[in-house]
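Structural overview for review
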Amino acid sequence: MGLELYLDLLSQPCRSIYIFARSNNIPFEFKHVELFKDSVLGKKPAAGSGAEQPRAGPSNSEGAGKVSLLKKVPALKDGDFTLAECTAILLYLSRKYNTPDHWYPSDIQQRARVDEYLSWHHANIRANAPKTMWIKVLIPLFTGQPLPSEKLQEVMEGLSTSLKQFEERFLQDKAFIIGSEISLADLVAIVELMQPVGVGCDIFEDRPRLREWRRRVEDAVGKELFFQAHEMILNIKELSNIQIDPQLKEQLAPVLMKMLK
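On a predicted model such as this, the values are computed, not experimentally measured, just so you know. (Residues numbered from 1 in each chain as written. Predicted model: local features only at pLDDT ≥ 70, side-chain atom pairs only at ≥ 80, totals over all residues. Heavy atoms only, no water.)

1. Re the confidence of the model for the chain
This prediction gives the chain a mean pLDDT of 84; 79% of its residues lie at or above 70. Ranking the helices and strands of the chain by mean pLDDT puts helix H9 (residues 208-221) first, with 98, and helix H2 (residues 61-67) last, with 50. Here residues 38-59 is a poorly scored stretch, pLDDT under 50, and it has 44 contacts once near neighbours within four places are set aside; other chains count. (pLDDT = per-residue confidence, 0-100. Helix = DSSP H or I, 4+ residues; strand = E, 2+ residues; numbered from the N terminus. Contact = heavy atoms within 4.5 Å.)

2. Points about the packing of helix H4 (residues 108-123) against helix H7 (residues 149-171)
Two elements in contact, H4 and H7, have axes separated by 12 Å at closest approach and are oriented at 170°. In terms of axis orientation, H4 runs roughly antiparallel to H7. Residues Glu-116, Tyr-117 and Trp-120 of H4 touch H7, and the partners they reach there are Ser-162, Gln-165, Phe-166, Arg-169 and Phe-170. Split by residue class, the contact of H4 with H7 holds 4 nonpolar, 2 polar and 2 charged. (Axes fitted to C-alpha atoms, helices over the stretch in contact; angles between N-to-C directions. Parallel < 35°, antiparallel > 145°, perpendicular 65-115°, else oblique. Nonpolar A, V, L, I, M, F, W, Y, C, P; charged D, E, K, R; others polar.)

3. Some points on the pattern of salt bridges
Taken as a whole and assessed by the stated rule, the structure comprises 13 salt bridges. One salt bridge connects Arg-126 with Glu-192, and the closest N-O pair in it is separated by 2.9 Å. Taken together, the residues span a long stretch of sequence, with Arg-126 in helix H5 (residues 125-128) and Glu-192 in helix H8 (residues 184-198) at a distance of 66 residues. Under the relative-accessibility criterion, Arg-126 is labelled partly exposed at 28%. When its relative accessible area of 2% is taken as the criterion, Glu-192 is described as buried. The partner of Arg-215 in a salt bridge is Glu-212, with the nearest N and O atoms 2.9 Å apart. Placement of both Arg-215 and Glu-212 in helix H9 is noted, with a separation of 3 residues, approximately one turn of the helix. Taken together, the shared-partner salt bridges connect Glu-212, Arg-214, Arg-215, Glu-218, Asp-219 and Lys-223 into one network. (Salt bridge = Lys/Arg side-chain N within 4 Å of Asp/Glu carboxyl O. Buried < 20%, exposed > 50% of the residue type's maximum accessible area, 1.4 Å probe, protein only.)

4. Quick word on H4
Along its 16 residues, H4 runs 24 Å from first to last C-alpha, staying within 8% of the 22 Å computed at 1.5 Å per residue. Among all positions in H4, only Val-114, Tyr-117, Leu-118, Trp-120 and His-121 are buried. Among the structural elements, helix H3 (86-96), H5, H7 and H8 are those in contact with the buried residues of H4. (Expected span 1.5 Å × (residues − 1).)

5. Quick notes on the pairing of strand S2 (residues 29-32)
As paired strands, strand S1 (residues 3-7) and S2 are joined by 4 bridges and run parallel to one another. Bridge pairing in S2 links Leu-5 to Phe-30. A crossover connection joins S1 to the parallel S2 through helix H1 (residues 12-23); in handedness this β-α-β unit is right-handed. (Pairing = 2+ DSSP bridges. Right-handed = clockwise from strand over helix to strand, strands pointing away.)

6. Quick word on the side chain of Gln-195
Here Gln-195 is to be found in helix H8. Ignoring anything within four residues of it in the chain, the contact list for Gln-195 reads Leu-10, Gln-12, Arg-15, Ala-129, Pro-130, Thr-132, Met-133 and Ile-233.

7. With respect to the packing of H1 against H8
Two measures define how a pair of helices packs: the angle their axes make with one another and the distance between the axes. For the pair H1 and H8, the least separation of the axes is 9 Å and the interaxial angle reads 135°. Taken together, H1 and H8 sit at an angle that is classed as oblique. The handedness of the crossing between H1 and H8 is right-handed. Along its contact with H1, which presents Gln-12, Arg-15, Ser-16, Ile-19 and Phe-20, the element H8 presents Leu-184, Leu-187, Val-191, Glu-192, Met-194 and Gln-195. The residue inventory of the contact of H1 with H8, partitioned by class, reads 6 nonpolar, 3 polar and 2 charged. (Left-handed = near helix turned anticlockwise from the far one by under 90°.)

As structure tokens, this is what we get:
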């Protein structure tokens, strides 16, 4: 039994695992899971063309529920072993497949810098960047009404503060977060920051240092792989045409609104 990864590339953590596995030539079976099956997505967007693209087909949502005790993606199954949570999966893959040291350095202080960023990331970049997609696309899709522009402005202000800290505290004048080579910290950061880009909030446009860092990350993992992994998120506006069951809207709309209060 080979390695199975249960992923939906709409999800930032899933994209980081997908890019990491592909860029390190880790063999795995792609198990596509629809995060919003029978809700937001309605039906899975067609996968891009080419042999290297994730294959369209039946959703593996039920299988993912059995693999992950947390009932969410990403999820990993390696023989009889199962694992959830993005960071845990990335570290497992890096150790099992002995990936190049720059991803998660053996040097204790360099490794601590990666850990430091991953710890900071969740309460800062991840706490703000995904909300842009909820505000501009997903919540209007459920409620049928756009949110006040003030709500997006509030989120963008919080994200701007986080980006300033990211540049000044973590990136500084380095090529990557911990030095001259890409690490897991860069990968986890970039997939999160592509979420606003997908809904028309180009956070890189007026930040040359951040923009150059993004270019270096793309080059490090390969531009083709980078944009393949982000194909769905960069076409996220197409979701606005999907019809959602009225009963489902009534059930979930209040829950989604509470997320942003």
